[in-house]
Amino acid sequence: KNTKKGRELRAAIASGEVDIVVGTHALLSNGMSFKDLGLLTIDEEQRFGVNQKERLKLICNCVDVLTLSATPIPRTLQMSLSGIRDTSTIRSPPPMRKPTISYVQEFDEMLIKDAIE
């Protein structure tokens, strides 16, 4: 936002005073600059539009990029299969993860109530 706090934060990011930044698409706005950016992590790349991806190309010219996606978009998948992008697949669930249980049945208000409680 264009508040005093926002301007101060953008200045700290631009000067390299801030080491780690977690944010939204706002970090891709034209008013943002980064000093010595080393790693860019993108979660859910499929939600980015053309404008955001074009801005990423400008920012990421010499930056390592880690893209996370449970459902890769066809272009990203094609780039990884052709060797333009490296791909890693996590094949095992995190420790202590509870299994997902799915049921297919008729609508039942009591079942929903029990599940919520």
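Everything numeric here is computed off the predicted structure, so don't read it as measured data. (Residues numbered from 1 in each chain as written. Predicted model: local features only at pLDDT ≥ 70, side-chain atom pairs only at ≥ 80, totals over all residues. Heavy atoms only, no water.)

A.B. asks: Describe the overall build of the protein, and please don't skip the residues or the numbers.
C.D. replies: Helices and strands together make up the secondary structure of the protein, namely four helices and two strands. Mapped in sequence order, the helices and strands of the protein form the string α-β-α-β-α-α. Here the protein has a C-alpha radius of gyration of 20 Å; the compact-globule value for 117 residues is 13 Å, and the former is much larger. With the C-alpha coordinates of the protein rotated into their principal frame, the extents come out at 55 × 45 × 30 Å. Counting every position in the protein, which comprises 117 residues, the buried fraction comes to 15%. (Helix = DSSP H or I, 4+ residues; strand = E, 2+ residues; numbered from the N terminus. Rg over C-alpha atoms; globule rule 2.2 N^0.38 Å. Buried < 20%, exposed > 50% of the residue type's maximum accessible area, 1.4 Å probe, protein only.)

A.B. asks: Just give me the short version of the environment of Met 32, but keep the residues and values in it.
C.D. replies: Within the secondary structure layout, Met 32 lies in the loop between helix H1 (4-15) and strand S1 (39-43). Spatially, the C-alpha atom of Met 32 lies 44 Å from that of Ser 102, the residues being 70 residues apart in sequence. Residues contacting Met 32, with those up to four places away along its chain left out, are Arg 10, Ile 13, Ala 26, Leu 27 and Arg 55. (Contact = heavy atoms within 4.5 Å.)

A.B. asks: Describe helix H3 (residues 74-81), and please don't skip the residues or the numbers.
C.D. replies: Taken as a whole, H3 has its buried residues at Thr 76, Met 79 and Ser 80. Viewed along the axis of H3, the buried residues span an arc of 95°, placing them on a single side of the element. Exposed positions of H3 whose direction lies more than 90 degrees from the buried face are Pro 74, Arg 75 and Leu 81. Positive phi appears at Gly 83, one or two residues downstream of H3, with a value of about 95°. (Arc of directions from axis to C-beta.)

A.B. asks: Run through the environment of Val 21, naming residues and quoting values.
C.D. replies: For Val 21, the location among the structural elements is in the loop between H1 and S1. As a C-alpha pair, Val 21 and Leu 40 span 19 residues in sequence and 9.5 Å in three-dimensional space. The contacts of Val 21, once residues within four sequence positions are left out, are Ile 13 and Leu 27.

A.B. asks: So what's going on with unusual backbone geometry? Which residues, and what values?
C.D. replies: Non-glycine residue Met 96 carries a positive phi angle of around 70°. Mapped onto the elements of the fold, Met 96 is located in the loop between H3 and helix H4 (109-116). By relative accessible area, which is 79% here, Met 96 ends up exposed.

A.B. asks: Break down the environment of Ser 88 for me, with residues and values.
C.D. replies: Mapped onto the fold, Ser 88 is located in the loop between H3 and H4. A residue is classified by how much of its surface remains accessible, and Ser 88, at 74% relative accessible area, is exposed. In sequence terms Ser 88 and Pro 99 are 11 residues apart; their C-alpha atoms lie 23 Å from each other.

A.B. asks: Any details on the pairing of S1? Residues and values, ideally.
C.D. replies: Residues Leu 40 and Ile 42 line the buried face of S1, whereas the alternating positions Leu 39, Thr 41 and Asp 43 sit on a face that is not buried. Pairing between S1 and strand S2 (residues 64-68): five bridges, direction parallel. Each residue of the ladder has a partner; that of Ile 42, found in S2, is Thr 67. (Pairing = 2+ DSSP bridges.)

A.B. asks: Explain a nonpolar patch on the surface residue by residue, including any values.
C.D. replies: Together, Leu 39, Leu 66 and Leu 68 make up a nonpolar patch on the protein surface, roughly 260 Å² of accessible area in all. Position of Leu 39 relative to the elements: it lies in strand S1. (Patch = residues over 30% accessible without salt bridge, like charges linked within 9 Å, V, L, I, M, F, W, Y side chains within 5 Å. Areas by Shrake-Rupley, 256 points an atom, 1.4 Å probe, with all protein chains shown as cover. Salt bridge = Lys/Arg side-chain N within 4 Å of Asp/Glu carboxyl O.)

A.B. asks: Kindly report on the side chain of Ser 80, identifying the contributing residues and their values.
C.D. replies: Of note, Ser 80 is situated in helix H3. The exposure class of Ser 80 is buried, given its relative accessible area of 19%. Once you skip the residues sitting within four places of it in the chain, Ser 80 turns out to touch Arg 85 and Thr 87.

Note that every value here comes from positions in space, so none of it alone points to a role or purpose.
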